[in-house]
Amino acid sequence: MIKLLLIFIVTAISLNANVYYSKIEPYEVRKIASNVSGVVLVAHEGMLGKTLSSSPYLKIDAELDRDELKFTKEKLEYLKKTVILNENIVSNLDTSLEKKRINYERVKRLKIKSSVEKDKEFYDLVSSENSSLSTKKEMNTLKTQISDLELRKKQLQRSINDKSLSAKGFTLYSLEVKVGEVVTKGTPLATVMDTKRAVLTIYLNDEDVLKAKTSVVFIDGKKTKYKIDRLLNIADSKNISKYMAQIIVKAPKIFSKLAKVELKVK
């Protein structure tokens, strides 16, 4: 009687177990494409299959960018100093201009001054005002140039950074280019993977989706403490009427092996 009961319980559990198969894949896969154009100077093929450090595994020629960045910085310093000089000039002009306005207003009321003398004072005042306005206009032009150069400096710095690729802690899976090749924007460069963890992707039947989060996960017949970490309640575009779920697990010694995943209701 007891044996029959045990068989019934085991059968009931097995009926509630849904079996899926999945490859054990790296937790993250990054396909790197170029953001810049240039000649490949370094491509460390010896690092394939190894964990990368902070050192670059691929370099693209950035000599012209570095030269332009140097000249851009020098030009920025020159323009900024010129703006400071113009600010001092404007300050002096405004001080002189204020005194000339006061003087013109005083001369204008004097009856002993001829029209010629008054006109001379007026033209001198207008000339000073024009000098002040012209200097301020030049300053605005210089500030616009400075803004453009600041943007160009950032673009060059980003370009230089994008020409030296590193991915500390990731495994170098493939290099798509070799030394001497010319790349442009969008050219595939490499694939790196996070192999410190792994992920199992399964596609659930619709009746399994609601209970997936509370199910016990068995992998290759062994009960685990793993849970469904990611679950989409929208049907997959390729696996029709199936819903993608992912389980994050410890990294195996060898990836891409097929694993049997069972979801058993508690």
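Calculation rules
- Residues numbered from 1 in each chain as written.
- Predicted model: local features only at pLDDT ≥ 70, side-chain atom pairs only at ≥ 80, totals over all residues.
- Heavy atoms only, no water.
- Helix = DSSP H or I, 4+ residues; strand = E, 2+ residues; numbered from the N terminus.
- Areas by Shrake-Rupley, 256 points an atom, 1.4 Å probe, with all protein chains shown as cover.
- pLDDT = per-residue confidence, 0-100.
- Contact = heavy atoms within 4.5 Å.
- Phe/Tyr/Trp six-rings, centres within 6.5 Å; stacked < 30°, edge-to-face > 60°.
- Lys NZ or Arg CZ within 6 Å of the ring centre and 35° of its normal.
- Salt bridge = Lys/Arg side-chain N within 4 Å of Asp/Glu carboxyl O.
- Buried < 20%, exposed > 50% of the residue type's maximum accessible area, 1.4 Å probe, protein only.
- Core = buried A, V, L, I, M, F, W, Y, C linked by side-chain atoms within 4.5 Å.
- Pairing = 2+ DSSP bridges.

Visitor: Explain the overall build of the protein to me, please; I cannot follow it from the model alone.
Guide: Across its full length, the protein holds four helices and twelve strands. Element-wise, carbon and sulfur atoms account for 56% of the exposed surface of the protein, whose accessible area totals about 17900 Å².

Visitor: Quick question: what am I supposed to make of the confidence of the model for the protein here?
Guide: Regions with low pLDDT should not have their predicted coordinates read in detail. Looking at the protein as a whole, the pLDDT averages 87, with 89% of positions reaching at least 70. Predicted confidence for residues 1-15 stays below pLDDT 50, and this span has one contact to residues more than four positions away or in other chains.

Visitor: What should I look at first to understand the packing of aromatic side chains in this one?
Guide: Centre-to-centre distance and the angle between the planes together describe a pair of aromatic rings. Tallying each qualifying case throughout the model produces zero aromatic pairs. Above the face of the Phe-170 ring, Lys-196 is positioned so that its terminal group lies 5.4 Å from the ring centre.

Visitor: Whenever I open this one, the pattern of salt bridges confuses me. Can you help?
Guide: Opposite charge on two side chains lets them pair, provided their charged atoms get close. Under the definition given, this model contains eight salt bridges. The closest approach of N and O atoms between Glu-150 and Lys-80, which form a salt bridge, is 3.1 Å. Of this pair, Glu-150 sits in helix H3 (residues 115-162) while Lys-80 sits in helix H2 (residues 63-109), and the two are 70 residues apart along the sequence. On the basis of relative accessible area, Lys-80 is assigned to the partly exposed category, the value being 34%. Among the salt bridges present, the one from Lys-153 reaches Glu-150, with a minimum N-O distance of 3.5 Å. Here Glu-150 and Lys-153 lie together in helix H3, a separation of three residues that amounts to about one turn. When salt bridges that share partners are traced, they join Lys-80, Glu-150 and Lys-153 into one network.

Visitor: Can you help me understand the nonpolar core in this one?
Guide: Nonpolar side chains in soluble globular proteins generally cluster together in the buried interior. Of all hydrophobic cores here, the largest spans 18 residues; its most connected members are Leu-200, Ile-202, Leu-204, Ile-228, Ile-247, Val-261 and Leu-263. When contributions to this core are tallied by element, the ones reaching two or more residues are strand E1 (17-33), strand E7 (188-205), helix H4 (206-212), strand E8 (216-219), strand E11 (242-250) and strand E12 (258-264).

Visitor: It is not clear to me how the sheet that holds strand E3 (residues 58-60) should be interpreted in this structure. Could you clarify?
Guide: Adjacent strands of a sheet pair through backbone hydrogen bonds, lying either parallel or antiparallel. Spatial ordering of the open sheet is given by E4-E3-E2-E6, a layout of four strands whose pairing is antiparallel. The open sheet is flanked by strand E4 (164-165) and strand E6 (182-183), the only strands paired with a single partner. Note that strand E2 (residues 38-43) and E3 share three bridges and pair antiparallel. Among the inter-strand pairings, Ala-43 is bridged to a residue of E3, identified as Leu-58.

Visitor: What am I meant to see in the pairing of E11 here?
Guide: It is a general feature of regular strands that their side chains alternate between the two faces of the sheet. The element E11 is extensively covered by neighbouring structure, given that seven of its nine residues are classed as buried. Two elements, E7 and E11, share nine bridges in a ladder whose sense is antiparallel. Within E11, the position partnered with Tyr-203 by the bridge is Met-244. As judged from the two bridges shared by strand E10 (residues 230-231) and E11, these two strands associate in the antiparallel manner. Residue pairing across strands places Leu-231 opposite Ala-245, the latter belonging to E11.

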